[in-house]
Amino acid sequence: MANLGVNIDHVATLRQARGTLYPDPVDAAVLAQLGGADQITVHLREDRRHICDRDVRVLRQFLQIPLNLEMANTPEIVGIALEVKPDMVTLVPEKREERTTEGGLALRAQFESLHSTVLKLQEAAIPVSLFVEPSLEDMELSARMGARMVELHTGKYAELAGDAQKRELERIEKATAAANNLGLIVHAGHGLHYRNVRPIAQIPFMHDLNIGHSIIARAVLVGLERAVREMRDLVCK
Ligand code: PXP
């Protein structure tokens, strides 16, 4: 079975919605750590719409489990990664107008610039994962780029159902086997939730799953009853 990386971006989304100091993603990371997370993932987006620089720096200082920094290949963010030195970096494509990361990296079109960033980060002892489509071509290009890891995009798998979902699962299984044969460590993520995660977690050589939205969404519901009780004690007693 795979390791669990917990993405806490959406705790920061809730904080930014009101410009408050709470909920603090650092508190969330500590609780995720207590809950058994193997790794914490945060995406420092160029527009800082959820996670901000301070979160990454404080997490780097206080986390006892590895920190995976998800980021776009831009000079500013690469500079921050080199300074903060997370345990690993996942390079992702980023578009201002998207609600969340929509697809894998354009490896062929951006080969030179991605290759140079992979080398720069790995020379600084920060292993790099590339967020890619589960295709054989992307596994080969990732290996040629010298990346240590790939993260397979499971967004399509999550959106499909029935036979179409089975076919996409097979594509992910084949890509995982090919990546493993090429010496790449394999991760997967995006859109995974409590009802669709098991077949992905059971793929041989699947090393880590990065999951965010469904865990934070569930935490809101399973924690709501206690939160109301605590406020009721303050208001009604
Ligand atoms: N992996 C990558 C590369 C992502 O961009 C995201 C979304 O930030 C995730 C995993 C987690 O996706 P989700 O929030 O849908 O679980």
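Shown above is the structure to which this text applies.
Residues numbered from 1 in each chain as written. Predicted model: local features only at pLDDT ≥ 70, side-chain atom pairs only at ≥ 80, totals over all residues. Heavy atoms only, no water.

Chemist: For this particular structure, what's the right way to read the sheet that holds strand β2 (residues 39–43)?
Modeler: Strand pairing within a sheet occurs via backbone hydrogen bonds; the two strands may be parallel or antiparallel. Pairing within the closed barrel is parallel, and its eight strands lie in the order β1-β2-β3-β4-β5-β6-β7-β8. Across the sheet, the axes of successive neighbouring strands diverge by a mean angle of 25°, strand direction being ignored. By the bridge criterion, four bridges tie strand β7 (residues 185–189) to strand β8 (residues 206–211) in an arrangement that is parallel. Considered in β8, the bridge of H187 is made with D208. Along the sheet, helix α3 (residues 53–62) contacts β2 and β3 (67–71); its crossing angle with β3, the most-contacted strand, is approximately 160°. Packing against the sheet, helix α8 (residues 162–181) makes contact with β6 (149–153), β7 and β8, and its axis sits at approximately 175° to β6. (Pairing = 2+ DSSP bridges. Helix = DSSP H or I, 4+ residues; strand = E, 2+ residues; numbered from the N terminus. Axes fitted to C-alpha atoms, helices over the stretch in contact; angles between N-to-C directions. Contact = heavy atoms within 4.5 Å.)

Chemist: Would you take a moment to explain α3 for this structure?
Modeler: Note: α-helices contain 3.6 residues per turn, so residues at a spacing of three or four share the same orientation. Regarding α3, the residues found buried are D55, V56, V58 and L59. Those residues of α3 that are buried are in contact with α1 (9–18), α2 (25–34), β2, β3 and α4 (75–84). (Buried < 20%, exposed > 50% of the residue type's maximum accessible area, 1.4 Å probe, protein only.)

Chemist: Would you mind showing me how to read the packing of helix α5 (residues 111–123) against helix α6 (residues 136–145) here?
Modeler: Helices that pack against each other are described as a pair by the angle of their axes relative to one another and the distance between those axes. Two elements in contact, α5 and α6, have axes separated by 9 Å at closest approach and are oriented at 50°. Judged by the inter-axis angle, α5 sits oblique to α6. Contacts between α5 and α6 involve F111, L114, H115 and V118 from the first element and L141, R144 and M145 from the second. Of the residues assigned to the contact of α5 with α6, the class counts are five nonpolar, one polar and one charged. (Parallel < 35°, antiparallel > 145°, perpendicular 65-115°, else oblique. Nonpolar A, V, L, I, M, F, W, Y, C, P; charged D, E, K, R; others polar.)

Chemist: How do you make sense of unusual backbone geometry when you look at a structure like this?
Modeler: Of all residues except glycine, most have a negative phi; of all peptide bonds, most are trans. Along the chain, Y22 connects to P23 via a cis peptide bond; the corresponding omega equals -10°. In this fold, P23 is placed in the loop between α1 and α2. Even without glycine at this site, K85 takes up a positive phi of about 55°. Classification of K85 as partly exposed rests on a relative accessible area of 40%.

Chemist: Would you mind showing me how to read the nonpolar core here?
Modeler: In a soluble, globular protein the nonpolar side chains are often hidden away together inside. With 63 residues, the main nonpolar core has I40, L130 and I200 as its most contacted residues. Residues within four places of I200 in sequence aside, it is in contact with T154, Y157, L169, I172, A188, L192, M206 and L209. (Core = buried A, V, L, I, M, F, W, Y, C linked by side-chain atoms within 4.5 Å.)

Chemist: Please clarify how the pairing of β2 should be interpreted in this entry.
Modeler: Successive side chains on a regular strand alternate, one facing one side of the sheet and the next facing the other. Most of β2 sits out of view: five of its five residues are buried. Two strands pair when backbone bridges link them, and β2 and β3 are joined in this way by four bridges, in the parallel orientation. Within the sheet, the bridge partner assigned to V42 lies in β3 and is L69. After leaving β2, the chain enters α3 and then returns to the sheet as β3, a path that is right-handed. (Right-handed = clockwise from strand over helix to strand, strands pointing away.)

Keep in mind that these numbers describe shape and distance, not what the molecule does.
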